[in-house]
Amino acid sequence: MQRVQTVIRKTADPDTCIKHYQFEIFVRQKLLTSAHYDLLLKKSDAPGIPGGFVEPHFKLFARYSGNVFYADAKYLPRISRPSIEWCNPFEFHRYQELDSATPVYILIGEGPQPVAPRHVFFFPVKNLRTNRILSANIMKYSISATADIDEAYLLKSRLSY
């Protein structure tokens, strides 16, 4: 219980919540667009609403294939060294549980502005064994911040790395 309370306190900072919310909007407008995907479920429609932090931000329906998947948007002002803890262990285990039935993808935006990130990293949860990624390895997950991610890219990413 102590760990859960710590996570809630950590994410309840209003400025941090607003930046994460701005990055979520960026993801839907630029990366996982309505041209390819219908939004089935969104974790929260407003910044700063606590709770529900163990569910990915979006549940999406791919129009072409009819596949359903989850996507979680994470924003970091800068990449830490020597490794990036992109979620807490409890979240990671929850994402693994979800991924066993429905694919889960993570998008991390990094840079001073969440609406125009310097780097965007994209990876499927199934390809990771831990909630940390070595800073030296993160670039292999880099995608263009203007990429409109289509279904072919989603499928390819689950087979790569």
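Note that residues are indexed from 1 along each chain, following the sequence as it is written. Only residues with pLDDT of 70 or above have their local features reported here, since the model is predicted, and side-chain atom pairs are shown and tallied only from 80 upward, although totals for entire chains, interfaces and linings are computed over all residues. Values shown for side chains rest on all heavy atoms present in the structure; no hydrogens or waters enter the calculation.

**Some points on the pattern of salt bridges**
Test applied: Salt bridges, as used here, are contacts in which a Lys or Arg side-chain nitrogen is within 4 Å of a carboxyl oxygen on Asp or Glu. Secondary structure elements follow DSSP: runs of H or I of four or more residues count as helices, runs of E of two or more count as strands, with numbering from the N terminus. Per-residue accessibility, obtained with a 1.4 Å probe over protein chains only, is compared with the maximum for each type, and a residue is labelled buried under 20%, exposed over 50%, and partly exposed between these values.
Summed over all chains, the structure comprises 9 salt bridges. The partner of Arg63 in a salt bridge is Asp38, and the shortest N-O contact between them spans 2.6 Å. Residue Arg63 is found in the loop between β2 (58-62) and β3 (68-76), and its partner Asp38 is found in strand β1 (residues 37-42); the two are separated by 25 residues along the sequence. When its relative accessible area of 44% is taken as the criterion, Arg63 is described as partly exposed. A salt bridge links Arg132 to Glu85; the nearest nitrogen and oxygen atoms lie 3.4 Å apart. Taken together, the residues Arg132 in strand β7 (residues 132-134) and Glu85 in strand β4 (residues 83-85) connect sequence positions 47 residues apart.

**Focus on the environment of Arg28**
What counts here: What makes two residues a contact is simply this: any of their non-hydrogen atoms within 4.5 Å.
Here Arg28 lies in helix α2 (residues 14-31). With 45 residues separating them along the chain, Arg28 and Ala73 place their C-alpha atoms 9.7 Å apart. Contact partners of Arg28, with chain neighbours within four places excluded, come to Thr33, Ser34, Tyr37, Leu39, Phe58 and Leu60.

**Thoughts on the sheet that holds strand β8 (residues 142-143)**
Which entries qualify depends on this criterion: Two strands make a pair as long as DSSP finds a minimum of two bridges between them. Axis geometry follows a simple rule: fit a line to the C-alpha atoms, using only the stretch in contact for helices, then measure angles between N-to-C directions, giving values from 0 to 180 degrees.
Spatial ordering of the open sheet is given by β1-β2-β3-β5-β6-β8, a layout of 6 strands whose pairing is mixed. A single partner strand is all that each edge strand has here, and the edge strands are β1 and β8. Alignment of strand β5 (residues 104-110) against strand β6 (residues 119-124), held across 6 bridges, turns out to be antiparallel. For Ile108, the partnering residue across the bridge sits in β6 and is Phe121. Against the sheet, α2 contacts β1, β2, β3, β5, β6 and β8, and its axis sits at roughly 130 degrees relative to β3.

**What to know about the pairing of β2**
Going residue by residue along β2, you find Phe58, Leu60 and Ala62 tucked away on one face and Lys59 and Phe61 left uncovered on the opposite face. One ladder, built from 5 bridges, connects β1 with β2; its direction is antiparallel. Of the residues in β2, the one forming a bridge with Lys42 is Phe58. Relative to β3, β2 is paired through 4 bridges, and the arrangement is antiparallel.

**Things to note about the environment of Glu110**
How we decide: Counting of polar contacts relies on pairs of N or O atoms within 3.5 Å, with two restrictions inside protein: one atom must be capable of donating a hydrogen and the other of accepting it, and residues adjacent in sequence are counted only when both atoms are side-chain atoms.
If you trace the backbone, Glu110 turns up in strand β5. On a C-alpha basis, the gap between Glu110 and Arg78 in space is 5.6 Å, while along the polypeptide they are 32 residues apart. A polar contact is formed between the side chain of Glu110 and the side chain of His119, at a distance of 2.8 Å.

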